[in-house]
Amino acid sequence: MKIITVCGMGMGTSLILKMTIESVLKKEGLSAEVVHSDLGSAKAQNADLFAISVDMVNAFEESGKNYVAVQSVFDENGVRETVLPVVKKFLEGNEK
């Protein structure tokens, strides 16, 4: 599974979200390729899931990409609640 975390410049928020997602996945015993990107580049890339902060929803929803929005990129519990169910569903669907 490939997850791209996205923010405006691709350096701050997306990098923090990448690290938070990786931490949550590790604690759950799951793995995925997680990379970070700026918004413009992300729209041209393919991934199984895009993770964005809620302030980017308007800019990203028109892309037609599969995404989840998180309230706080620092909050592991919030990431666990929003990102983890999507990752688990994807992984379960690809085991068959």
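Everything discussed here concerns the structure shown above.
Residues numbered from 1 in each chain as written. Predicted model: local features only at pLDDT ≥ 70, side-chain atom pairs only at ≥ 80, totals over all residues. Heavy atoms only, no water.

**Student:** If you had to explain the environment of D38 to someone new, which residues and values would you point to?
**Tutor:** Its location among the elements puts D38 in strand β2 (residues 33-38). D38 gets classed as partly exposed once you look at its relative accessible area, which sits at 24%. Side chain to side chain, D38 and S41 meet in a polar contact 2.8 Å long. (Helix = DSSP H or I, 4+ residues; strand = E, 2+ residues; numbered from the N terminus. Buried < 20%, exposed > 50% of the residue type's maximum accessible area, 1.4 Å probe, protein only. Polar contact = N/O pair within 3.5 Å; in protein donor to acceptor, adjacent residues only side chain to side chain.)

**Student:** How would you sum up the sheet that holds strand β4 (residues 67-70)? Please name residues and give values.
**Tutor:** The four strands are arranged β2-β1-β3-β4 in an open sheet whose pairing can be described as parallel. The strands lining the two open edges of the sheet, one partner per strand, are β2 and β4. Adjacent strand axes in the sheet meet at a mean angle of 25° when their direction is disregarded. Pairing of strand β1 (residues 2-7) with β2, which is carried by six bridges, proceeds in the parallel orientation. Looking at β2, one finds that C7 is bridged to D38. (Pairing = 2+ DSSP bridges. Axes fitted to C-alpha atoms, helices over the stretch in contact; angles between N-to-C directions.)

**Student:** Provide a residue-level description of the pattern of salt bridges, including the pertinent values.
**Tutor:** On inspection of all chains with the given rule, the structure shows four salt bridges. The salt bridge involving K18 is made with E22; its shortest N-O contact spans 2.8 Å. Of the two residues, K18 and E22 both sit in helix α1 (residues 13-27), four residues apart, roughly one turn of that helix. Taking the relative accessible area as the measure of exposure, K18 reaches 17% and is therefore buried. A relative accessible area of 32% means that E22 is categorised as partly exposed. (Salt bridge = Lys/Arg side-chain N within 4 Å of Asp/Glu carboxyl O.)

**Student:** Which residues make up the pairing of strand β3 (residues 49-53), and what are the values?
**Tutor:** Of all five residues making up β3, five are buried, and the element is well covered by its neighbours. What you see with β3 is no split at all: L49, A51 and S53 on one side and F50 and I52 on the other are buried throughout. Relative to β3, β1 runs parallel, the two being bridged by four bridges. Bridge pairing in β3 links I3 to L49. For β3 and β4, the ladder comprises four bridges, and the chain directions are parallel. Within β4, the position partnered with S53 by the bridge is V70.

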